[in-house]
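Per-entry structural report
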Amino acid sequence: MMSDPGYLHDNLKLETRRSVVSDVEFQASQVIERLEEAAERAAEQAAEGTANTTGGLAWKSNVPVLTPPSKTNGEIFRVLEDLIAFEDSSSFSTWNEDASQTDAENPAVASVPALDAPSKLAVVSHSVAALACTLDRTHSQQLNSRLASDCSRWLAHLFRLAEITEESSALFHEDPLEGVVRIGRYLLHKRYPKFQEDGYEALTSERPVIYSSVASPLNIVQHLCRQLGLPVRCIQPVPCNTMFGSHQRMDVAELERLIEQDKSAHRVPLMVLADAGTVIAGHVDNLTRIQEVCEKHNVWMHLRGHNLAALVLTHPSVKPVKLADSLSLPLGNWLGIPSLPIATMYYLPRPNDAEGEDVSRINTLPIIAGLVNDLSTRRFVSLPLWTTLQSLGKEGVQTRITRALESAEMMWKALANLPSLRLLSQQPGGEGGSYTIADIVGKQLNPLLLVEVVASTVTFQFINGTEKGRVSPYYDKLNTWLGHILQQECPQLIIDLCELESHGIVLRYCPLELSPDYLPSKEDIEQFTVCLEQQMEVLTATVQLKDVFQQSVSRSKNLLLVQDMADWAGLGGVRYMPDSWELLPSARDELNRLNMQLVERLQSSDQAFSLGEDNEGMAYVRFGMVTTGSDVEELLEMVLSVGKEVEESSRFLETMSQVVKKGIEAATLDLQKENEERLWQEGLLRQVPVVGSFVNWWSPRNKEGGIKGRSLNLNAGIVESTENIYRYHMQLQGGVASAGAQGNRVTPTPMVQTPVGTVSGSQHSRSSSQTSQVSQVSQTSPTVSIPATGPASVLAPASAPASAPAPAPASATAPAPAPATTSSPAPAIASAINAAPIPSVLTQATQAPPTMLPMGSVLESVKTVHVPSALNNEPKEARVP
């Protein structure tokens, strides 16, 4: 028999087919491991600070057309590794306004979770499912039907549901809402016999109605109506309890009243969407009474919610029950395994139960509505679930769900006694907490009671202790801030920010939506509780001091309280207003610049201050969160004092710009007048090119004559001639030789002294105590000044005689300036200049601008001023020694 050629051929074909499945499994496993290693390697390099600079380049290299040459598998997977291990930095920078250019150039490492053995098996199963699609049609349909029926029986036994007698009583799909959509389509065909022929016209006489609690997400019923082609008015919201029981549970008495009202109005009650654990707060409706109402009025009941996962803890001796007409089981979320399909379990009426109806039509309705798994598409949707359930086994499924429910129970107990914290989720263990997860596993509880006593979600909210109902918008900001801080400080717990229409922004912890590797331990929950208590102390202190802050700001004439602060949970915001502030278009920019400089100064001492901008584009100072014992008055005094310093510094720079410009203008006019006088004194013959040389040889010029340069004395506010500088080879001030000269000889007064008008008329003044503070401002903003080692003067020398030596450079050792006398017209300016470490050279320009420089500028357009000479057309330089 072994030598039979036919047998050998068939055996070889069988081994070949088996090897194909093994090869696919082996290659898929290799690909998964390779991608995981690439993600781990990128994360390790980023943590060590040695990230590969070439990582993430695949996101930037867009190829508009397919390249002619083919690529190898290695090249393809190298690109795929780069796309999976890194995030697209360009899309990140488009929605994140705080992203810098460096963030856009250096892609962030993606968060790729590690897969355990069942998760890898589920991913590999998708590859095997794609391979199974290549089978012949008959074989693939039989295989698909076998996989679906196995999963249906296993789930019914695992969750202790009523026995499954038909293969069409379980639907597997990838879209979370696809199951309820097909249930709704089945009900339309069932309740409207001509719906298949007439379409929407069959619904005009009697409108269908879908009932859903107001505590449930509205997008679910909206999606249902869009897929079924129904108007939104087919949705009937059912209010929640207001007098007795949880305020998140559906009011069953109101539900029955609405059903009877719709019936009397010739509308068709189609379906009731009940919750066994609402999405955000995790509350469970009164399932027993809802089921009675639905059976009484012949309305389909669909059940959903995370608390259904607790059915796997039902004792084996408990008889299976029918909780609803259909249930949604998102097994991928509950088990923490990606890419598992959603299972929708449903119970159709038996043909013999339908009196007076066509039996054949009843049997074909599930096929028409798509409730029967579509075998013609050759999509093996149930294959990943089939392999995963066998990999975990009943014990593995129960262990994972038990750990998640125990984590929610520990979290609820840890937060139950915290002050100023409102728990909005259902208490685990039922009323009074009489049951624990450990007790439930060993007790024979009814499945309906079991679903009601467990807690799948922990939802909490910070309040002031007296809040009832929805909190104020400010508390929404506080809870948003709290959620972000907890996500940063306690990454071991995954906290979500949600919004309840009846309560506002809340924080939510749902362990059934986490992978088993991300479930926190008891120590993690304790650390989280400690961190939460610390942040709540900050929130409480901020709330208590907010009124004090607003009252203090209202009493200050230089601070304006900012009312419109969107998405800011701190103490508040103020805008510094100078005394001479006028609401002019040109002054708005100056006020913005002043407040921005103020925030920059404040941040150097305390990072709690930040820059804000209102809807009109006006800048202001934002106060962050404060701790207990913070002195609000001291914080505001700091803002006022620093604001005064910045304001005075801006005025000082504005005055200095006026003095220098006026001095340059006065020096230019003096040089022009002196040049004209020299022409008349020397005569015209000296100006002729050839004759002038002979005249100069015959009658040399007087060395003491010629045009004298000009120096701007910032201390005295006058423009002086420079003959003393070239005669004594040093800078003299006030007729007294500076320190370092031989003796204190008295020098003659300069021949020309022209006062600068803006100095004496300036209203700028500064006390000696303020002068030391200006030096700090000048270090952070560009300023112009004279170095403290030399006298404050701006030199504008003309062409000096050949025998006269050049003035000493600014870097040379200069004598210390003499103290300013009381007769000086601008002593405050001199003291501010000498105290401020400001550059000694002015920026370059050919002519001083005719208008005043803007506040905060430092004569950025002046470095060397060229004063033209009418005699020889050579520029005269103005320097700062």
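Please read these numbers as outputs of a predicted model, since none were measured by experiment.

Moving on to the packing of helix 6 (residues 117-132) against helix 15 (residues 383-415). Where helix 6 contacts helix 15, the axes come no closer than 7 Å and their chain directions differ by 165°. One way to sum up the angle between helix 6 and helix 15 is to call them roughly antiparallel. Along this stretch, helix 6 crosses helix 15, giving a crossing that reads as left-handed. Taken together, the residues of helix 15 that come into contact with helix 6 (itself represented by P118, L121, A122, S125, H126, V128 and A129) are L383, P384, T387, T388, S391, L392 and R400. Of the residues assigned to the contact of helix 6 with helix 15, the class counts are eight nonpolar, five polar and one charged.

It is worth spelling out the packing of helix 11 (residues 252-264) against helix 12 (residues 287-297) at this point. Where helix 11 meets helix 12, the axes come as close as 10 Å, and the angle between the chain directions of the two elements is 15°. One finds that helix 11 runs roughly parallel with respect to helix 12. For the pair helix 11 and helix 12, the sense of crossing is right-handed. Residues V252, A253, L255, E256, I259, E260 and K263 of helix 11 form the contact with helix 12, whose own contacting residues are R289, I290, V293, K296 and H297. Considering only residue class, the contact of helix 11 with helix 12 consists of six nonpolar, one polar and five charged.

Before going further, it helps to examine a negative patch on the surface. Taken together, the side chains of E33, E37, E40 and E44 present a region of like negative charge at the surface. Within the secondary structure, E40 sits in helix 1 (residues 5-48).

This part is about unusual backbone geometry. We note that S339 has phi near 65°; this positive angle belongs to a residue other than glycine. Counting through the fold element by element, S339 comes out in the loop between helix 13 (331-335) and strand 7 (342-346). A residue is classified by how much of its surface remains accessible, and S339, at 38% relative accessible area, is partly exposed. A positive phi angle is found at S420, which is not glycine, with a value near 60°. Among the secondary structure elements, S420 is positioned in the loop between helix 15 and strand 8 (421-423).

Before going further, it helps to examine the sheet that holds strand 8. Pairing is antiparallel across the open sheet formed by four strands, whose spatial order is 8-9-11-10. Strands at the two margins of the open sheet, each flanked by one partner only, are strand 8 and strand 10 (496-500). The sheet shows a mean angle of 40° between the axes of neighbouring strands, taken without regard to direction. Contacting strand 8 and strand 9 (458-462), helix 19 (residues 522-554) crosses the sheet at an angle of about 30° to strand 9.

The next subject is helix 3 (residues 73-85). With 13 residues, helix 3 should reach 18 Å at 1.5 Å per residue; the first-to-last C-alpha distance of 18 Å fits that figure. The set of residues buried in helix 3 consists of E81, D82 and A85. Angularly, the buried residues of helix 3 cover 95° about the axis, an arc narrow enough to put them on a single face.

On to the nonpolar core, then. With 66 residues, the main nonpolar core has L155, F159, F172, L287, I290, L303 and L308 as its most contacted residues. Top element by residues in this core is helix 15. It accounts for seven residues. Summarising the domain contributions, this core has at least three residues from each of domain 1 (145-373) and domain 2 (400-535). Discounting residues that sit within four places of it in the chain, I290 has contacts with M250, V252, L255, V272, A274, D285 and M301. Residues L478, L482, L486 and L539 belong to the second largest nonpolar core, which totals 31 residues.

Rules behind the numbers
- Residues numbered from 1 in each chain as written.
- Predicted model: local features only at pLDDT ≥ 70, side-chain atom pairs only at ≥ 80, totals over all residues.
- Heavy atoms only, no water.
- Axes fitted to C-alpha atoms, helices over the stretch in contact; angles between N-to-C directions.
- Helix = DSSP H or I, 4+ residues; strand = E, 2+ residues; numbered from the N terminus.
- Parallel < 35°, antiparallel > 145°, perpendicular 65-115°, else oblique.
- Left-handed = near helix turned anticlockwise from the far one by under 90°.
- Contact = heavy atoms within 4.5 Å.
- Nonpolar A, V, L, I, M, F, W, Y, C, P; charged D, E, K, R; others polar.
- Patch = residues over 30% accessible without salt bridge, like charges linked within 9 Å, V, L, I, M, F, W, Y side chains within 5 Å.
- Areas by Shrake-Rupley, 256 points an atom, 1.4 Å probe, with all protein chains shown as cover.
- Salt bridge = Lys/Arg side-chain N within 4 Å of Asp/Glu carboxyl O.
- Lys, Arg positive; Asp, Glu negative; His and termini not counted.
- Charge placed at Lys NZ, Arg CZ, Asp CG, Glu CD.
- Buried < 20%, exposed > 50% of the residue type's maximum accessible area, 1.4 Å probe, protein only.
- Pairing = 2+ DSSP bridges.
- Expected span 1.5 Å × (residues − 1).
- Arc of directions from axis to C-beta.
- Core = buried A, V, L, I, M, F, W, Y, C linked by side-chain atoms within 4.5 Å.
- Domains from an automatic or database assignment.

Keep in mind these numbers describe shape, not what the thing actually does.
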